[in-house]
Amino acid sequence: MLLHILFLVGLVAEGMTGALAAGRQRMDLFGVAIIACATALGGGTIRDLMLGHYPLLWIEHLSYPLIVVAAAMGAVLFAPLMRYLSRLFLLLDAIGLVVFSIFGAERALAMGHGWMIAAIMAVVTGAFGGVLRDMLCQQVPLIFRKELYASVSFVVALIFIGLLHLGVAESLAAIVTLVVGITMRLMAIYFKWSMPTFHYQHPGH
Amino acid sequence: MLLHILFLVGLVAEGMTGALAAGRQRMDLFGVAIIACATALGGGTIRDLMLGHYPLLWIEHLSYPLIVVAAAMGAVLFAPLMRYLSRLFLLLDAIGLVVFSIFGAERALAMGHGWMIAAIMAVVTGAFGGVLRDMLCQQVPLIFRKELYASVSFVVALIFIGLLHLGVAESLAAIVTLVVGITMRLMAIYFKWSMPTFHYQHPGH
Amino acid sequence: MLLHILFLVGLVAEGMTGALAAGRQRMDLFGVAIIACATALGGGTIRDLMLGHYPLLWIEHLSYPLIVVAAAMGAVLFAPLMRYLSRLFLLLDAIGLVVFSIFGAERALAMGHGWMIAAIMAVVTGAFGGVLRDMLCQQVPLIFRKELYASVSFVVALIFIGLLHLGVAESLAAIVTLVVGITMRLMAIYFKWSMPTFHYQHPGH
């Protein structure tokens, strides 16, 4: 299944960005592995906890954390090459974001939740791994300030759920959503689209 | 029910303080919405996760996150006014703290837990949303340093549980607790009451 | 049971290191108590949440948080003495790390999980309390940079599970693991053994 392969691509990409973030904090290899797992699997873990879905994704599929740790170690070994691959990374990361979001929405729908919870779970699955990474590495979560990221996740979920609602087959809906979502994310990066930001300076509470 | 209306007041107040904290980090509107939800609903979410109570509060009542997001967007729109409302905010925040604490204790009691767990869950519900907000915005959680805050939550729970134990009707117990708790919090702010702090300078551990 | 006594020793040690970390941030006594609980009980809490094991450890055994808070208040009272006890602390902390790890692995095994999940849960139980403490106190988690720490947790779990697998009685396996684990941790500190670190400087991702 295409979507499953792209999910693995997403795991690898997220694991690598997690490893690089850990490397910026000069962590040891064990820390690198943990930050990589938090980045790649943290969103799905928080989603499963919120939905009360047990066993957690990575406890059911032990191969996932193993793939993530392997990807992280690959990033460490080939770190000097990483700077030349930053464009490729943006693509892989976009794939990961969209696939994770689709899977997040799917799980919520499968558990009988409505479209709003499904869209929220898409954002949690797609974006909260990065939030966890940034919190563990002591940075204000980037996704709340960068080009459309969490919002791509949200829109992706709405498109996917809308298509399902219109009677489109799940696999076709997934592919259409994938193409639209990745295009949207890459255009946001290229054209520097972003949500309006809120800047508030008053001190105190 | 008065308590329910005050709960909604609390959601609005917490959502707004979350939005302002996000604005101090120049987040985009999606980030503002997420920080607002983490602030207003994070405490109840952590409580429900700790108690294993599913579905989570905001998954059961989707109107709550919608109210919080609306309040956050209101704070963005009327940001220039916010500095003139800081006293009003302290009152609304105090109401939120006390009502959230009462609801947290009630849920633990309803699940058959004893008074100690109920008091802990009051603190978790009342204060941990703010902790989550501060962690996401990269600040040492304020509530551990400010005037009585988490401790108000704890005392409020003890009063509420004590009144129930004495056979006072739940609605009367809630109102008495509310009045005492809000008064206590406002007096703590006015008179700058605070817990003794612990200052330790030795490096290492 | 020896292991249970050492578990209480670990709770006291972790509660005290949590209190000292809170003191470095000049928190009030309520904050000190919460940071101490997060440090000593946070790892086990995250583990129980991940495994879906309810009630959580400290909800089932209310004496544990009470012991932790008492230890934290002891650290506050005797703070001036703490600097002279840092070696003793390293030993107590090592005991805590190893016992927590064994208990974490045991719980996963008791719930029917395999050795890999058990080893991961050992790390979560042994090391994530410290991660939570560092996140709440706004520091990059130390355990990802220090001498072997989380890795001791992992190795300890593998030894313990391996011994059980070889048919060694659980109590004997625990004692052997304890001796090996504590020795390993102390030698890592003494000889400054550490995992290789990953240092990555390229900005962006």
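Here we summarise the structure given alongside this text. (Residues numbered from 1 in each chain as written. Chains lettered and ligands numbered in written order. Predicted model: local features only at pLDDT ≥ 70, side-chain atom pairs only at ≥ 80, totals over all residues. Heavy atoms only, no water.)

Brief notes about the relation of the copies chain C and chain A
Then, in step 1: You can overlay chain C on chain A at an RMSD of 0.0 Å; the transform is a turn of 120° with a shift of 0.0 Å along its axis. The superposition of one copy onto the other is thereby described by a three-fold rotation axis.
Then, in step 2: An asymmetric contact is evident, with only 14% of the interface residues of chain C recurring at the interface of chain A. (Least-squares fit on C-alpha atoms with pLDDT ≥ 70 in both. Contact = heavy atoms within 4.5 Å.)

Brief notes about a nonpolar patch on the surface
All names here are of chain A.
Then, in step 1: Together, Leu 77, Phe 78, Leu 81, Tyr 84, Leu 85, Leu 88, Leu 91 and Leu 186 make up an exposed nonpolar region whose accessible area comes to about 790 Å².
Then, in step 2: Within the secondary structure, Leu 186 is located in helix 9 (residues 170-190).
Then, in step 3: According to the relative accessible area criterion, Leu 186 is partly exposed, its value standing at 31%. (Patch = residues over 30% accessible without salt bridge, like charges linked within 9 Å, V, L, I, M, F, W, Y side chains within 5 Å. Areas by Shrake-Rupley, 256 points an atom, 1.4 Å probe, with all protein chains shown as cover. Salt bridge = Lys/Arg side-chain N within 4 Å of Asp/Glu carboxyl O. Helix = DSSP H or I, 4+ residues; strand = E, 2+ residues; numbered from the N terminus. Buried < 20%, exposed > 50% of the residue type's maximum accessible area, 1.4 Å probe, protein only.)

What about the interface of chain C and chain A?
Then, in step 1: Listed as interface residues are 35 residues of chain C and, on the opposing side, 36 residues of chain A.
Then, in step 2: At the junction of chain C and chain A, the tally comes to 0 salt bridges.
Then, in step 3: Those elements that place two or more of their residues in the side of chain C that touches chain A are helix 2 (29-51), helix 7 (115-136) and helix 8 (150-165) of chain C.
Then, in step 4: Among the elements that make up the side of chain C that touches chain A, the one with the highest residue count is helix 7 of chain C (8 residues).

Let's talk about helix 8 (residues 150-165) of chain B
Then, in step 1: The terminal C-alpha atoms of helix 8 of chain B lie 23 Å apart, and with 16 residues this matches the ideal 22 Å at 1.5 Å per residue to within 8%.
Then, in step 2: Those residues of helix 8 of chain B lying buried are Ala150(B), Ser151(B), Val152(B), Ser153(B), Val156(B), Ala157(B), Phe160(B), Ile161(B) and Leu163(B).
Then, in step 3: Check the buried side of helix 8 of chain B and you find it contacts helix 6 (86-110), helix 7 (115-136) and helix 9 (170-190) of chain B together with helix 2 of chain C.
Then, in step 4: Following helix 8 of chain B by one or two positions, Gly167(B) has its phi on the positive side, about 90°. (Expected span 1.5 Å × (residues − 1).)

Topic: the packing of aromatic side chains
Residues and elements named next belong to chain B.
Then, in step 1: A complete count under the given rule lists 21 aromatic pairs over all chains for this structure.
Then, in step 2: Centre to centre, the rings of Phe 7 and Phe 100 are 5.3 Å apart; their planes meet at 45°, and the pair counts as tilted. Of the two residues, Phe 7 sits in helix 1 (residues 2-24) while Phe 100 sits in helix 6, which places them 93 residues apart along the sequence.
Then, in step 3: Under the relative-accessibility criterion, Phe 100 is labelled buried at 4%. (Phe/Tyr/Trp six-rings, centres within 6.5 Å; stacked < 30°, edge-to-face > 60°.)

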